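# Survey of secondary and tertiary structure
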Amino acid sequence: MAVKLEALLFDVDGTLADTERDGHRVAFNQAFTEAGLDWEWTVDLYEKLLAVTGGKERILHYLDNYNKEFKRPEQPEQLAAFIADLHKSKTKHYTDLLKTGAIPLRPGVLRLLNEAKQAGLRLAIATTTTPANVSGLLKNTLGEDGESWFEVIAAGDIVPAKKPAPDIYTYAMEQMNLAPEACIAFEDSENGILASQGAKLKTIITINGYTESHDFSGAVIVLDSFGEPDQPFKVINGSAFNKEYLDIEMVIQLHEQK
Ligand code: XBP
Ligand code: MG
């Protein structure tokens, strides 16, 4: 017999909100300028840099692959401290940006979260982003008590291996004492679905500009957004059970589907 759906596990960046191009990228550039560096992460370069999740890991990936001529600190500890400082400044700029209300939730997210709460489903976050970023986004979009909507917020360095490793999802489910069969994940990227599927989770995908060409093989459905009654989703791949927007009934149907 099929296991009943008990919890929804959400990625943050790209899934709850379109944070990368006009949020994280901008904040990285502000941190670079503030540190007196002439680095600029353009929209196109950032698409390539997104191959690596986690801001500190992304800066190192940039130095290793796109700015080899930069005279970086030689000792590994000094390099790590240099990157950590830059990243701390980036987090400050990013959370300041969130406070301006510049980054809204994606269509259908608020409605789906409310429906899930009403249906008695448990909610959690599984993301590679820094905890302060999650907290800032939830407070600025759901209200001061936004974080309390989620039973577990699994974020950032809480696990050593970031997505595409499954660890952040495994950690969230351990905290909730739930098996993957009782959960469903929501993701927007290839690294995200590799992580969720690595943790044996069925996964619903909502794409965005940076991830539309990613490989989402194995997703239960690929949508262009969760959709709203007056703003239907586009189905990229999979069966939408004649629905026009993602509601909890459809999430349950997708979870039950073989
Ligand atoms: C999100 C990320 C994050 C953010 C930056 O990936 O890759 O690294 O870009 O966050 P996912 P930090 O949506 O798959 O979790 O700078 O705080 O690391
Ligand atoms: Mg994401």
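Described in the following lines is the structure provided in the data block. Residue indices follow the written sequence of each chain, beginning from 1 at its first position. Naming scheme: in the order in which they are written, chains are lettered from A and ligands are numbered from 1. Only residues with pLDDT of at least 70 are given local features in this predicted model, and only at 80 or more are side-chain atom pairs given and counted; all residues enter the totals for whole chains, interfaces and linings. Excluding hydrogens and water, the side-chain figures rest on all heavy atoms present in the structure.

## A word on the side chain of Asp247
Structurally, the position occupied by Asp247 is in the loop between β7 (235–237) and α9 (248–256). When checking whether two residues touch, look at their non-hydrogen atoms; a contact exists if any pair is within 4.5 Å. Dropping the residues within four chain positions of it, Asp247 is found in contact with Arg111, Leu112 and Glu115. The secondary structure listing takes helices from DSSP runs of H or I that are at least 4 residues long and strands from runs of E that are at least 2 residues long, numbered from the N terminus.

## Quick look at the coordination of the magnesium ion (ligand 2)
Each metal site is built from N, O and S donor atoms within 2.8 Å (3.2 Å for Na, K and Ca), and since water is not included, such sites may look incomplete. Of the protein atoms, only Asp11 (OD), Asp13 (O) and Asp188 (OD) coordinate the magnesium ion (ligand 2), at distances of 2.1 to 2.2 Å. Considered as a linear motif, the donors of the magnesium ion (ligand 2) on their single chain read D-x1-D-x174-D. Note that Asp11 is positioned in the loop between β1 (7–10) and α1 (20–34) and Asp188 in the loop between β4 (183–187) and α8 (190–198), a separation of 177 residues in sequence. Only protein chains enter the calculation, and the probe is 1.4 Å; a residue is then buried if its accessible area is under 20% of its type maximum, exposed if over 50%, and partly exposed in between. For Asp11, a relative accessible area of 5% corresponds to the buried category.

## Let's talk about the pairing of strand β5 (residues 202–206)
Burial analysis of β5 places four of its five residues in the buried class, which makes it a mostly covered element. Pairing between two strands requires that DSSP report at least two bridges joining them. In terms of strand pairing, β4 meets β5 through four bridges, oriented parallel. Residue pairing for β5: Phe186 is matched across the bridge by Ile204. With strands facing away from the observer, any crossover in which the path from the first strand over the helix to the second runs clockwise is taken as right-handed. What joins β4 to β5 is α8, and the crossover it makes is right-handed. As judged from the three bridges shared by β5 and strand β6 (residues 221–223), these two strands associate in the parallel manner. The partner of Thr206 across the bridge, within β6, is Leu223.

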